[in-house]
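Chain and residue survey
Letter by letter, the chains look like this.
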Amino acid sequence: MSSRSVKTEAVVLRSMRYGEADRILHLYTPHRGRVGAIAKGVRRARSRFGGRLEPFFRLHAELHEGRGELLTVTGAQTVDGHARLRGDARALDAAARACDAVGRLFETSEPHPGVFNLLCRQLALLDEQAGGPPRAASGRAGALAFRLKLLLAAGLAPQLGACASCGEREHLVGFSGAAGGVVCAACEAGSFQLGEDAHGFMTAALGRALTDVPAASEPALGQVERAIAVTLEHHAHLRLMPAAAARG
Ligand SMILES: [Zn+2]
């Protein structure tokens, strides 16, 4: 036998039309990382999958693993459809960015159950806060706190406690992707300015739960986003879409 059945929890990261009635899905799973799967006939009106294979669904999935690269979806039960976030443009956009970040940063089959849990928690938070006034999880601060936790899970968390070049603990004024964290005034060549607020936000976000997003000004969040971007560019050759939609 060269094929077998796989049962796993999964979050649908992306769903792309394929052929006449099929979809190709990117799923994120706790123990198989990112999985590509095909759902046959899912776009027909009487598909047994209903609308369960849309992005942001958390599922119990049954997959058939054959010789090909893609697994085939043979069953799917909803754990959480996150129905409320679908009715809130801001939450929906934040969910899309969260799934995109996970899919790109963790695109292999390497297992990261912590990342799966983090994504589930972020989607549940966005769902819980949807429909109300703009809340932390769907804002830029929430998105950046989530990304910092992804960096940590990927082994790319920036050094924040001391200068990443020389170990100095005072006068930490910049951030360097090449050095891998904050840098002091003597080592600042090649870095950009990172203020105290941005530094404090990063330290706090890494130490707290996703439900407890630290506050920071827009300029400070801009510095945090840049620090995450240079870290990813330098250490993973990766660029993510902006953490939040441009306002206005
Ligand atoms: Zn230094």
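Check the entry above for the structure.
Criteria and thresholds
Residues numbered from 1 in each chain as written. Predicted model: local features only at pLDDT ≥ 70, side-chain atom pairs only at ≥ 80, totals over all residues. Heavy atoms only, no water. Helix = DSSP H or I, 4+ residues; strand = E, 2+ residues; numbered from the N terminus. Buried < 20%, exposed > 50% of the residue type's maximum accessible area, 1.4 Å probe, protein only. Contact = heavy atoms within 4.5 Å. Areas by Shrake-Rupley, 256 points an atom, 1.4 Å probe, with all protein chains shown as cover. Lys, Arg positive; Asp, Glu negative; His and termini not counted. Charge placed at Lys NZ, Arg CZ, Asp CG, Glu CD. Axes fitted to C-alpha atoms, helices over the stretch in contact; angles between N-to-C directions. Parallel < 35°, antiparallel > 145°, perpendicular 65-115°, else oblique. Left-handed = near helix turned anticlockwise from the far one by under 90°. Pairing = 2+ DSSP bridges. Donors = N, O, S within 2.8 Å, 3.2 Å for Na, K, Ca; no water. Tetrahedral: all angles 85-135°; square planar, octahedral: opposite > 155°, others 65-115°. Salt bridge = Lys/Arg side-chain N within 4 Å of Asp/Glu carboxyl O. 1 Å grid on protein atoms, 1.4 Å probe; cavity = no way out; pocket = protein on both sides within 12 Å on 5 of 7 lines; lining within 4 Å. Points joined across faces, edges and corners; volume = space filled by probe spheres on them. Nonpolar A, V, L, I, M, F, W, Y, C, P; charged D, E, K, R; others polar.

1. Topic: the overall build of the protein
- Along the protein, the regular secondary structure elements total five helices and eight strands.
- The helix and strand sequence of the protein, counted from the amino end, reads β-β-β-β-β-α-α-α-β-β-β-α-α.
- Counting only C-alpha atoms, the protein reaches 65 × 45 × 25 Å along its principal axes.
- When the 248 residues of the protein are sorted by exposure, 47% land in the buried category.
- For the protein, long-range pairs separated by at least 24 residues make up 57% of all intrachain contacts whose partners lie at least 6 apart in sequence.
- When the accessible surface of the protein is summed, it comes to about 12400 Å², and 48% of that surface belongs to carbon and sulfur atoms.
- If you average the places of the 30 positive and of the 24 negative side-chain charges in the protein, the two averages end up 8 Å apart.

2. Details of the packing of helix H3 (residues 140-153) against helix H4 (residues 196-207)
- At a minimum axis distance of 9 Å, the contact between H3 and H4 shows a crossing angle of 70°. Taken together, the axis directions place H3 and H4 in an arrangement best described as roughly perpendicular. Of the two possible hands of crossing, H3 and H4 adopt the one that is right-handed. Side by side, H3 and H4 meet where Ala141, Leu144, Ala145, Leu148, Lys149 and Leu152 of the first sit next to Phe201, Met202, Ala205 and Leu206 of the second.

3. Description of the sheet that holds strand S7 (residues 181-184)
- Taken in spatial order, the three strands make up an open sheet running S7-S6-S8, and their pairing is antiparallel. The two strands at the open ends of the sheet, each matched to only one other strand, are S7 and strand S8 (192-193).

4. Digging into the coordination of the zinc ion
- At 2.3 Å from the zinc ion lie its protein donor atoms, namely Cys163 (SG), Cys166 (SG), Cys184 (SG) and Cys187 (SG).
- What the four donor atoms of the zinc ion show is an angle range of 105 to 116° at the metal, which sorts the shape as tetrahedral.
- Counting along the primary sequence, the residues that act as donors to the zinc ion give the motif C-x2-C-x17-C-x2-C.
- With relative accessibility at 48%, the residue Cys166 sits in the partly exposed group.

5. Comments concerning the pattern of salt bridges
- Scanning the entire structure with this criterion turns up 10 salt bridges.
- Linking Arg58 and Glu9 is a salt bridge whose minimum nitrogen-to-oxygen distance equals 2.7 Å. Here Arg58 is found in strand S4 (residues 58-65), whereas its partner Glu9 is found in strand S1 (residues 4-18), with 49 residues between them in sequence.
- One salt bridge in this structure joins Arg104 and Asp100, with 3.1 Å as the shortest N-O distance. Taken together, the residues Arg104 and Asp100, both in helix H1 (residues 89-105) and four residues apart, mark about one turn of the helix.

6. Things to note about empty space enclosed by the protein
- Tallied over the entire structure, the rule returns one cavity of 30 Å³ or more.
- As a volume, the largest cavity reaches approximately 70 Å³.
- Along its surface, the largest cavity is lined by Ala94, Arg97, Ala98, Gln122, Ala137, Ala143, Phe146, Arg147 and Ala243.
- Taken together, the elements giving at least two residues each to the lining of the largest cavity come down to H1 and H3.
- Its residues assigned to classes, the lining of the largest cavity shows six nonpolar, one polar and two charged.

7. A look at the pairing of S7
- Note that strand S6 (residues 172-176) and S7 share four bridges and pair antiparallel. Residue pairing in the sheet places Phe175 in a bridge with Val182 of S7.
- Connecting S6 to the antiparallel partner S7 that follows it, the hairpin turn spans four residues, and Gly180 within it adopts a positive phi of roughly 90°.

8. Things to note about the packing of H4 against helix H5 (residues 218-236)
- In contact at an axis separation of 8 Å, H4 and H5 are set at 60° when each is read in the N-to-C sense. It follows from the interaxial angle that H4 and H5 lie oblique. In the packing of H4 onto H5, the handedness of the crossing is right-handed. Each of Asp197, Ala198, Phe201 and Met202 in H4 lies in contact with H5, whose residues at this interface are Ala220, Leu221, Gln223, Val224 and Ala227.

9. Overview of unusual backbone geometry
- The backbone phi angle of His82 is positive, close to 50°, even though this residue is not glycine.
- On the basis of relative accessibility, which here comes to 3%, the residue His82 falls in the buried class.
- Unusually for a residue other than glycine, His171 sits at a positive phi of about 55°.
- With respect to the helices and strands, the residue His171 is situated in the loop between H3 and S6.
- The class for His171 is exposed, based on a relative accessible area of 60%.

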